[in-house]
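Remarks on the overall topology
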Amino acid sequence: MVYPAETGKPEIPSMPIHKYRSYRPFMLPDRTWPDRKPQSAPIWCSVDLRDGNQALLEPMDLDRKRTMYDLLVRLGFKEIELGFPMSSRSDFEFTRDIIDRDAIPDDVTIQVMSPIREELIEDTVKALEGAPRAVLQIFNPTSVTQRRAVFQMSRSEIKNMALRGAETALRLRDSLPGTEIYLQYGTESFTQTEPEFALEVHNAVLDLWRPRPEEQVRVVLPSSVECYPPHEFADRIEWMHRNLAYRDAITLTLHTHNDRGSAVAATELALLAGADRVEGTLFGNGERAGNVCLITLAMNLFSQGIDPRLDLSDIDEARKITEYCNRLPVSHRHPWVGEFVYTSFAGSHQDAINKGLLDMQENSSQVWDVPYLPVDPKDVGRDYKALIRINGQSGKGGIAHLMRTEHGYEMPRKLQIEFASVVQEKVEHGGEVSSEQLSEWFSEEYLQVNGNEVEGTTEDCANSVLDDLTGAKDAASDVREVCFQPPTGSSGLWVAYAETTIGTTTRWGVGIGNSKDESLTRCMQSAARRLLEGSTA
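These lines cover the structure that appears in this document, whether it is placed above or below. (Residues numbered from 1 in each chain as written. Predicted model: local features only at pLDDT ≥ 70, side-chain atom pairs only at ≥ 80, totals over all residues. Heavy atoms only, no water.)

**What about the overall build of the protein?**
Broken down by element type, the protein carries 17 helices and eleven strands. In the protein, which comprises 537 residues, the share counted as buried stands at 52%. Contacts in the protein between residues far apart in sequence, at least 24 positions, make up 70% of those at least 6 positions apart. Working note: accessible area of the protein is about 25500 Å², and carbon and sulfur atoms make up 49% of it. (Helix = DSSP H or I, 4+ residues; strand = E, 2+ residues; numbered from the N terminus. Buried < 20%, exposed > 50% of the residue type's maximum accessible area, 1.4 Å probe, protein only. Contact = heavy atoms within 4.5 Å. Areas by Shrake-Rupley, 256 points an atom, 1.4 Å probe, with all protein chains shown as cover.)

**Notes on the nonpolar core**
Grouped together as the largest cluster of nonpolar side chains are 100 residues, with contacts concentrated most on Trp44 and Ile237. In terms of residue count, helix H7 (residues 195-209) provides more of this core than any other element does, seven residues in total. Counting the residues that make up this core, at least three belong to each of domain 1 (39-324) and domain 2 (345-378). In this structure tryptophan 44 touches Phe77, Lys78, Glu79, Val278, Leu294, Leu297, Ala298, Leu301, Pro308, Arg309 and Leu310, once residues within four positions along its chain are discounted. With 23 residues, the next largest nonpolar core counts Ile399, Val427, Val433 and Val510 among its residues. (Core = buried A, V, L, I, M, F, W, Y, C linked by side-chain atoms within 4.5 Å. Domains from an automatic or database assignment.)

**A short note on empty space enclosed by the protein**
Throughout the structure, instances matching the rule amount to one cavity of 30 Å³ or more. In this structure, the largest cavity occupies an estimated 40 Å³ of space. As for the largest cavity, its lining consists of Thr191, Ser223, Glu226, Cys227, Tyr228, Pro229, Phe233, Thr256, His257 and Ala266. For the lining of the largest cavity, the residue count by class is five nonpolar, four polar and one charged. (1 Å grid on protein atoms, 1.4 Å probe; cavity = no way out; pocket = protein on both sides within 12 Å on 5 of 7 lines; lining within 4 Å. Points joined across faces, edges and corners; volume = space filled by probe spheres on them. Nonpolar A, V, L, I, M, F, W, Y, C, P; charged D, E, K, R; others polar.)

**Let's talk about the pattern of salt bridges**
Counting across every chain of the model gives 38 salt bridges. Across the pair glutamate 122 and arginine 171 runs a salt bridge, and its minimum N-O distance is 3.1 Å. Taken together, the positions of glutamate 122 in helix H4 (residues 118-126) and arginine 171 in helix H6 (residues 155-172) put the pair 49 residues apart, joining distant regions of the chain. Under the relative-accessibility criterion, arginine 171 is labelled partly exposed at 47%. What you see here is one network of salt bridges that share partners, running through Arg173, Asp174, Arg212, Glu214 and Glu215. (Salt bridge = Lys/Arg side-chain N within 4 Å of Asp/Glu carboxyl O.)

**Side note on the environment of proline 85**
Considering the arrangement of structural elements, one finds proline 85 in the loop between strand S2 (79-83) and helix H3 (89-100). Classification of proline 85 as buried rests on a relative accessible area of 2%. If we skip the residues at most four places from it in the chain, proline 85 touches Asp91, Phe92, Thr95, Val112, Met113, Thr124 and Ala127.

**Considerations on the layout of surface pockets**
Empty space left among the atoms is revealed by rolling a probe the size of a water molecule over them. Its volume calculated, the largest pocket comes out at about 770 Å³. Along its surface, the largest pocket is lined by 22 residues, and Arg21, Ser22, Tyr23, Arg24 and Gln192 are the ones closest to its centre. Sorting the residues of the lining of the largest pocket by element identifies helix H5 (144-151) and H7 as the ones contributing at least two each. Among the elements that make up the lining of the largest pocket, the one with the highest residue count is H5 (three residues). Its residues assigned to classes, the lining of the largest pocket comprises eight nonpolar, six polar and eight charged.

**Focus on the pairing of strand S5 (residues 180-188)**
Most of S5 is tucked away: seven of the nine residues are buried. When S5 meets strand S6 (residues 217-223), the two strands line up parallel, connected through three bridges. Residue pairing for S6: glutamine 184 is matched across the bridge by arginine 218. Following the chain from S5 across H7 to the adjacent parallel S6, one finds a crossover that is right-handed. (Pairing = 2+ DSSP bridges. Right-handed = clockwise from strand over helix to strand, strands pointing away.)

**Topic: a negative patch on the surface**
There is a patch of like negative charges on the surface, built from Asp383, Glu406, Glu436, Glu440 and Glu444. Looking at the secondary structure, you find glutamate 440 in helix H15 (residues 435-446). (Patch = residues over 30% accessible without salt bridge, like charges linked within 9 Å, V, L, I, M, F, W, Y side chains within 5 Å. Lys, Arg positive; Asp, Glu negative; His and termini not counted. Charge placed at Lys NZ, Arg CZ, Asp CG, Glu CD.)

**Here we look at the packing of helix H13 (residues 396-405) against helix H14 (residues 413-426)**
Look at H13 against H14: their axes get within 9 Å of each other, and the N-to-C directions meet at 100 degrees. With respect to their mutual orientation, H13 and H14 come out roughly perpendicular. Only Arg413, Gln416, Ile417, Phe419, Ala420 and Val423 of H14 make contact with H13, whose side of the interface consists of Lys396, Ile399, Ala400 and Met403. Class assignment of the residues belonging to the contact of H13 with H14 gives a composition of seven nonpolar, one polar and two charged. (Axes fitted to C-alpha atoms, helices over the stretch in contact; angles between N-to-C directions. Parallel < 35°, antiparallel > 145°, perpendicular 65-115°, else oblique.)

Take a look at the structure:
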């Protein structure tokens with residue numbers, strides 16, 4: 001820390017901001033995407049087996065690739081990129097494995113990728129022999145820096161490179177009998193390419209291909225590196241959407257990365273701006289900060305009542321399989337699927353969740369509306385057991401929820417407050433409390449004398465309370481509140497709760513019995529013991 005002599009106050013060291021340039025805004029004053037809202041899911045294309053796999057420390061072996069592919073099919077993906085057949089023997093063998101085993105469902109299209117060199121495109125097409133249908137993706141980098149530093153080419157030379165590859169792909173499109181090949185072209189590093197030059201290259205390729213609407217060639221505008229905020233990306237996508245040639249014959253595709261941490265937002269806005277299709281990975285695995293997470297995008301739609309066109313009913317299975325295939329954990333806080341995303345520790349949140357669930361139950365509501373829970377966890381394969389977890393910052397609402405749902409106790413509100421104080425004192429040094437531990441503490445605090453004879457002074461203390469209650473309930477001054485919980489299930493047991501007072505001391509009692517009278521007697525014994533002995537509450 002530096003202390004300037006003039007002030008004597010610490011000066012925060014400056015970051016080397018002079019090394020970095022701000023993005024140049026793309027002016028689109030008549031943008032229309034902010035006034036739109038999503039109406040349907042895009043076409044999903046998983047690139048877990050190519051883009052995701054090449055970003056792994058240990059790339060998937062054949063078994064893991066098959067496992068991932070089978071998961072993607074079960075989830076409902078209709079387009080799946082198998083790999084980069086000419087990049088490695090492993091990718092080639094897996095592509096052939098899927099085709100030779102006839103493992104491509106009738107409604108699924110596989111995708112492969114090739115650099116824009118003629119011989120690599122030819123070999124990639126040969127790898128597709130026997131496939132019913134496939135997307136052949138070709139690409140070449142077009143950014144300013146790559147033109148200068150990597151290829152040392154001018155704009156026209158880069159465009160000619162794209163046209164040579166596009167011509168080869170077109171020539172080979174119908175070369176495999178029985179295989180329908182769809183063409184896809186992308187200006188890799190679109191986000192770092194001048195928009196007008198990206199448009200020039202794409203339209204040159206499209207003029208060469210001259211697609212018809214029934215062919216639906218793919219044009220992909222990849223955010224190979226996320227360089228600016230989501231709204232800026234959306235503006236550029238809308239401009240391309242308006243100006244691309246043969247637009248009615250194009251499936252406009254996004255391929256977003258997460259370098260700035262906003263891939264999901266950028267993709268959602270770009271879909272509003274005119275894109276039709278999204279390439280990404282399950283849970284966002286990919287180069288650097290990752291690809292856009294397709295599960296998050298799909299769940300965002302689902303939470304707004306839009307069919308995601310993916311089966312997310314067992315989201316934990318998808319997570320576990322993905323973790324096995326990638327040898328990477330999914331974060332506990334990952335949107336929609338992390339271990340803690342349907343869990344609350346904070347007391348006020350727990351209370352709101354508890355009341356929200358009770359409100360839905362009492363009103364038989366068909367529309368999900370519970371505080372802090374955007375979706376019903378049961379819809380994605382979770383139960384309610386992990387909704388509320390107890391630690392030192394939890395409150396009465398969360399404790400009451402667990403005692404009700406896990407152990408069947410419908411505690412009155414004042415008893416909830418009293419027992420919460422008991423729990424808070426026991427966990428004041430931190431740590432999480434299990435549902436079983438809550439039940440043990442409740443039993444120790446309230447049910448210890450149930451079923452036993454009350455002797456000595458405890459019996460004397462109980463008599464006056466019992467006399468008041470059994471002789472004149474309405475006029476009893478020692479018993480402020482009594483309530484009964486009717487039998488639940490087939491147990492036939494009754495639970496009685498009573499708030500009792502002697503002098504200035506107030507305690508609750510709880511009793512369980514085979515009848516109202518028996519539960520009430522035991523409840524008063526519990527209250528008497530707690531009044532006599534004092535409580536931690």
